[in-house]
Amino acid sequence: MMHKYHDSAEHSRRLGCNECRCQSGGRTYASHELVHQGVILDPRNLALPLTSDAIGHGPPRTNMFIYAVNETYDFRLAADGGSPRSQAPPDAVKHETLFQNADVRAAGEIMVVKGVIVEINSQSGSYDTKDALQNDPEFASDVLIALSQGNIPASPIVLAMLLDQRENR
């Protein structure tokens, strides 16, 4: 199932508030740009493995990383552009930035420790994928395919959770 942002109610709302980040100049990364020797490298310093703060629903939400998976299972990620969106700089990155407003198979947040995804969710206001990981086996399957196709390292716990959700058809 593809998730839409373009022409959605959220897209219209964000356009009206000048909060849409479809054409943001902020930096996003394809997995092949960052995965090297079995770890995700920090885009700010490619000599180090990426490590992010915990993901969650309340402050502080610093050093957050977001992801999206497109139609061909490409996995893109970026540092979250922050909230509230109305106060974010024009080059702030949000989910819609990752594939410039295109439909996606999956979107959410990741926590990475020493270059390995240790937590993943489906929290995206742009694509309205909240709880999709728990409720849509195809979402989990699409994430698994993208991780495999991109050789993206994920912890055994994350892989087991995705496999379990995929099997809940």
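As the structure is a prediction and not an experimental result, all values here were calculated from the model.

Attention now moves to the overall build of the protein. Broken down by element type, the protein carries 6 helices and 8 strands. Counting only residues that meet the buried cut, the protein has 50% of its 169 residues in that class. Contacts spanning at least 24 positions in sequence make up 63% of the contacts within the protein whose residues lie at least 6 apart. Roughly 8300 Å² of accessible area belongs to the protein as shown, and the carbon and sulfur atoms make up 51% of that amount.

Once that is clear, we can look at the environment of Lys130. Here Lys130 lies in the loop between β8 (116–120) and α4 (132–135). Taking C-alpha positions, Lys130 is 8.1 Å from Gly108, a pair spaced 22 residues apart along the chain. Once residues lying within four places of it in the same chain are set aside, the contact partners of Lys130 are Ser122, Gln123 and Ser124.

Time to look at unusual backbone geometry. The phi dihedral of Asp7 is positive, around 65 degrees, even though this residue is not glycine. Structurally, Asp7 is set in the segment before α1 (9–16). With a relative accessible area of 63%, Asp7 lands in the exposed category. In this structure, Gln100 takes a positive phi of about 45 degrees despite not being glycine. The topology assignment puts Gln100 in the loop between α3 (95–98) and β7 (106–113). You can call Gln100 partly exposed: its relative accessible area is 42%.

Spatial strand order, β2-β3-β4: 3 strands in an open sheet with antiparallel pairing. One side of each edge strand has no neighbouring strand; the edge strands of this open sheet are β2 (35–36) and β4 (45–49). Bridging between strand β3 (residues 39–42) and β4 involves 2 bridges; their strand directions are antiparallel. Looking at the pairing, Asp42 lines up with Asn45 of β4.

One open sheet accounts for 5 strands, arranged β1-β6-β5-β7-β8; its pairing is antiparallel. Of all strands in the sheet, those with a lone pairing partner are β1 (29–30) and β8, marking the two edges. The pairing of strand β5 (residues 65–69) with β7 spans 5 bridges and is classified as antiparallel. Looking across to β7, one finds that Phe65 is bridged to Ile110. Along the sheet, helix α5 (residues 137–149) makes contact with β5, β6 (75–79), β7 and β8, crossing β5 at roughly 100 degrees.

The residue Ser124 is located in the loop between β8 and α4 in this model. Ser124 gets classed as buried once you look at its relative accessible area, which sits at 4%. Polar contacts involving the side chain of Ser124 include one to the side chain of His95, which spans 3.2 Å. Those residues within four positions of Ser124 in sequence are excluded, and the remaining contacts are His95, Ala107, Gly108, Thr129 and Lys130.

Here is what the cut-offs are and how they apply
- Numbers given for residues are sequential positions, taken from 1 along each chain in its written order.
- This being a predicted model, a pLDDT of at least 70 is required before a residue's local features are given, and a value of 80 or more before pairs of side-chain atoms are given or counted; all residues contribute to the totals for chains, interfaces and linings.
- Hydrogens and water are ignored here; the side-chain numbers use all heavy atoms of the structure.
- Note on conventions: DSSP H or I runs of at least 4 residues are helices, E runs of at least 2 residues are strands, and numbering of each starts at the N terminus.
- Buried, partly exposed and exposed residues are distinguished by accessible area as a fraction of the type maximum, computed with a 1.4 Å probe on protein chains only: under 20%, between the cut-offs, and over 50%, respectively.
- Here, two residues are considered to be in contact whenever any of their heavy atoms come within 4.5 Å of each other.
- Residue exposure ignores everything except the shown protein chains as possible cover, and the areas themselves are Shrake-Rupley values with a 1.4 Å probe.
- Whether two strands pair comes down to DSSP finding at least two bridges between them.
- Only the contacting stretch of a helix is used when fitting its axis, a line to C-alpha atoms as for every element, and angles between N-to-C directions run 0 to 180 degrees.
- Within 3.5 Å is the distance limit for a polar contact, defined as a pair of N or O atoms, with the added protein rule that one can donate a hydrogen and the other accept it, and that residues adjacent in sequence qualify only through two side-chain atoms.

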